[in-house]
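Structural overview
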Amino acid sequence: MNPLELTLGIMTAVGGFVDISELVFAARAGSTFGYALIWVFAFATIGIIIFAEMSGRVAAVAKQPVFNLMRHRLGLKLGLVTLAASVISNLITCAAEIGGVALILNYLTGAPYLLLAAGMTVLLIVSIWVLPFKWIERTYGLLGLFMIVFAVALVAIHPPWDQIALGLVPQVPSGLSTKELLTFGYFTVAILSAVMFPYEVYFYSSGGIEEGWTPKDLLTNRVTSIVGMGLGSLLAIAILASSAQLFGPANVDPEIPGSAALQAAIPFGKWGLILALLGMLFAVAGAAVETCLANAYSIAQYFGWMWGRRKKPWEAPRFTMSWIALFGLAFGIVLTGVDVMTLVEFAVLFSILVLPLTYLPLLLLAGDQKFMREHANGAVAKLLGWFYFGVITMAAVAALPLFFLTSGGNG
Amino acid sequence: MGRQYLLLFALLAACTRGPDDDLQYIKQARSIAAEWALVNEQANAGRVNVTYVTAMHGWLRDGLLAASSSLSEPKSDYGAEISALLALPSDAAPATLRSHSESLKLIEDALESA
Amino acid sequence: MTPKGRIKLVSELLDLPLIDSEGKYCGIVDDVELTGRAGNSLKFRALLVGPGAWARRLPAWASWLVRITVGARVTRVPIDKIRTIGPAVRLKVPGRELGLHQSEDRAVRWIPRKGAL
């Protein structure tokens, strides 16, 4: 295990953890319910760590990314349904990320939103074309570390640490009306979805193949997923806690993503604002790249095409055309004028509906001794994996009713 | 005859949306007013730059317009509050904005407890 | 596992990725060609790759849609070209020899060969 590579891998995971959905829902969760939803972030993070570790292990041992084996495990028809559902979910998510990036650039530069969305789409395409895989991952992941300003800002506003700690205890606040309870339920489902987005697992496992992981890298995989994602989730929790401290008492339920940057502006002034906006910019841009590539990976792997950014674009031509076309489609969704917050709502909703289909084959593959040999899921991984699968299935069933009953969490 | 009454009831229900259906827009407007106040407060204290403030004003006003145009009862007291907010200049005093936000919060709380 | 042994068609062969002798992905096992008769032992003769092979496994309306959008091409991989069957089917020869890279070769004409580090 190369310590420098490992450190860079962890830092990349930290900087790349937060995307536009987590940003929005962390801020709104804090302003609406105080610290009461911190435990959901922690719970969901453990879930994504478990499945990310499994997907990295499958990549390293079976030398196949998840979607390659998805069709074999689920069969052609169910695999096609899973592919279609995850492509739609990831496409909407990618559109939300591109819209989010354009919004943040608008806050930074004042330039017109749609022009920025177009420019950013082109820049993202160029960056994936030009840079090798490792540089793509590292650039956006490491620059996303500007997000650390949110954690520092939380410390600077002297929050009630005892209440934050209590927020880690699974709870439902007492004295809520029926509608507020339903809204709490919706936020729980939405946070679970935002943290455990399917694209994260597809990207992580394909990334393992891109980086040539073997069984020797299993420890790297485990440390990166546990430490990287664990620390990354602290940034999301910091946004929630700051929101509880600053926005809740001020009657603010952030209606636009730009309000989150005030969390760093209030204690640190203009420099805090700039750092927060830069952190948001690179984290969300990185997520746009990941969602698009995850989709292209899924399509290419399902149909058996050549794939991978470790190859030059012309060495995997159908894969290349896929990710360019997907960026185009995502930009097309942004062009329709649907606002970013609405895209985020739909991304989160579609994602939770797809999650059981995403994680079931992974769970089966990671536990299959024929593929995984002595590295198949042990008792703990099996127990936790199936437990989380049960939870996300229940969340998937509850998602649509909760969305309609609470008008998308707006009460 | 029973079916005709059912159809009439359904039609009436669809036409008379009322304050309960406007609740989400009241909440939205309440929050936007409060966000606007927070932005202006930070701007007055020199903690945020002009580019950010101008952009935020634009987006907040768009949100308020969207909420206003979605109301089923624009001539209600909450409709009047939102119209009053829209009439304010971008650099309105935070205290003025907060007072509108608080008025909307009272209406919101009353509707939720009804 | 080698292709001559006993094999469970669905759980051990169908829908596995194909990797050629150069380590390149060249499709998925979309269907298989068998000899023999029902009631007697069946032997598999070749793998079938391409939309013409997998579309047949879908409902009629979906199969028709696939045919009119991407065509009905089928490429045949005879059993003697297969080295091993495991998490992937590995071939003894480059995919190009079997006609497995045709679509990639058509697509590459649209991709400029410059700019990538």
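Before going into details, it helps to say that this report is about the structure given with it. (Residues numbered from 1 in each chain as written. Chains lettered and ligands numbered in written order. Predicted model: local features only at pLDDT ≥ 70, side-chain atom pairs only at ≥ 80, totals over all residues.)

1. Looking at the overall build of chain A
The test is simple: The numbering of helices and of strands both runs from the N terminus, where a helix is a DSSP run of H or I of at least 4 residues and a strand a run of E of at least 2. All radius of gyration figures rest on C-alpha atoms, and the globule criterion is 2.2 Å times the number of residues raised to 0.38. Neighbour counting defines burial: a residue surrounded by 20 or more other C-beta atoms within 10 Å of its own C-beta is buried, one with 12 or fewer is exposed, and intermediate counts give partly exposed, using backbone-placed C-beta atoms. Placing a C-beta atom from the backbone of each residue, one calls two residues in contact when those atoms lie within 7 Å.
Summing up its helical and strand segments, chain A has 17 helices and 0 strands in all. Scaling as 2.2 N^0.38, a compact globule of 411 residues should have a C-alpha radius of gyration of about 22 Å, and chain A matches this with 20 Å. When its C-alpha atoms are laid out on the principal axes, chain A stretches across 55 × 45 × 45 Å. Across the 411 residues in chain A, those meeting the buried criterion constitute 63%. A separation threshold of at least 6 residues defines the contact pool for chain A, and within that pool the share at least 24 residues apart is 86%.

2. Overview of the overall build of chain B
Looking only at helices and strands, one finds 5 helices and 0 strands in chain B. The 114 residues of chain B split such that 35% are buried. Within chain B, contacts between residues separated by at least 24 positions form 73% of all contacts whose residues are at least 6 apart in sequence.

3. Points about helix α15 (residues 340–366) of chain A
Where we set the bar: A residue's bend is given by the angle between axes fitted to the 7 residues ending at it and the 7 residues starting at it.
Its axis deflected by about 45° at V354(A), α15(A) carries its strongest bend there, up to four residues before the proline P356(A). With respect to burial, α15(A) is a largely interior element, 23 of its 27 residues being buried.

4. A look at the arrangement of the chains
Of all 2 pairs of chains sharing an interface, the pair with the highest contact count is chains A and B. There is no contact between chain B and chain C; across them, the least C-alpha separation is 35 Å.

5. Observations concerning the interface of chain A and chain C
Taken residue by residue, the interface counts 27 residues in chain A and 24 residues in chain C. Elements that contribute at least two residues to the side of chain A that touches chain C include exactly α4 (66–74), α5 (76–109), α6 (113–130) and α14 (317–335) of chain A.

6. Quick notes on the packing of α4(A) against α5(A)
Residues and elements named next belong to chain A. For clarity, the threshold we go by: Where helices are involved, their axes are fitted lines through C-alpha atoms of the stretch in contact, as for all axes, and angles between N-to-C directions lie from 0 to 180°. Comment on the angle field: the value is read as roughly parallel under 35 degrees, roughly antiparallel over 145, roughly perpendicular from 65 to 115, and oblique elsewhere. Crossings are assigned a handedness: left-handed for a near helix turned anticlockwise from the far helix by less than a right angle, right-handed for a clockwise turn. Only Asp, Glu, Lys and Arg are considered charged, only Ala, Val, Leu, Ile, Met, Phe, Trp, Tyr, Cys and Pro nonpolar, and every remaining residue, Gly among them, polar.
Across the interface, α4 lies against α5 with an axial gap of 6 Å and an inter-helix angle of 135°. One way to sum up the angle between α4 and α5 is to call them oblique. Handedness of the α4/α5 crossing: right-handed. Of the residues in α5, those touching α4 at M70, R71 and L74 are L76, L78, G79 and T82. In terms of residue class, the contact of α4 with α5 is built from 4 nonpolar, 2 polar and 1 charged.

7. Section: helix α3 (residues 38–61) of chain A
Residue and element names in this part refer to chain A. This is how the line gets drawn: Expected span, for any helix, means 1.5 Å times one less than how many residues it has.
With 24 residues, α3 extends 35 Å from end C-alpha to end C-alpha; this agrees with the ideal 34 Å at 1.5 Å per step. Of all 24 residues that make up α3, 21 are buried, and the element is covered over most of its length. Note on α3: the residue one or two positions beyond its end, K63, has a positive phi of about 55°.

8. Overview of the interface of chain B and chain A
How big an interface is tends to be expressed through the accessible area that disappears when the partners come together. With 25 residues of chain B in contact, the opposing surface of chain A contributes 25 residues. Counting only elements with at least two residues in the side of chain B that touches chain A, the list comes to α2 (18–44), α3 (50–70) and α5 (94–113) of chain B. Class assignment for the residues of the side of chain B that touches chain A results in 10 nonpolar, 9 polar and 6 charged.

9. Details of unusual backbone geometry
Residue and element names in this part refer to chain A. Despite not being glycine, H158 has its phi angle at roughly 50°, a positive value. Here H158 shows up in the loop between α8 (148–156) and α9 (161–166). Of the residues examined, H158 has 9 C-beta atoms within 10 Å and is grouped as exposed. Even without being glycine, R373 reaches a positive phi, approximately 50°. Summarising the element assignment, R373 is placed in the loop between α16 (369–372) and α17 (379–405). Look at R373 and you get exposed, because 11 C-beta atoms sit within 10 Å.

10. Digging into the nonpolar core
Residues and elements named next belong to chain A. This is how the line gets drawn: The term nonpolar core refers to a group of buried residues, namely Ala, Val, Leu, Ile, Met, Phe, Trp, Tyr and Cys, whose C-beta atoms join them within 7 Å.
Core analysis: the largest hydrophobic core is formed by 209 residues, its most contacted members being F41, I98, I191 and L240. With 27 residues, helix α13 (residues 262–303) is the largest single contributor of residues to this core. Once residues lying within four places of it in the same chain are set aside, the contact partners of L240 are A26, A29, G30, L37, I38 and F41.

11. Looking at the sheet that holds strand β7 (residues 89–91) of chain C
Residue and element names in this part refer to chain C. We apply this condition: Two strands qualify as a pair provided that DSSP identifies no fewer than 2 bridges between them.
The strand order β2-β1-β7-β6 describes an open sheet built from 4 strands, whose pairing is mixed. The two strands at the open ends of the sheet, each matched to only one other strand, are β2 (25–28) and β6 (82–85). Going from strand to strand, the sheet's axes swing by 25° on average, the running direction of each strand aside.

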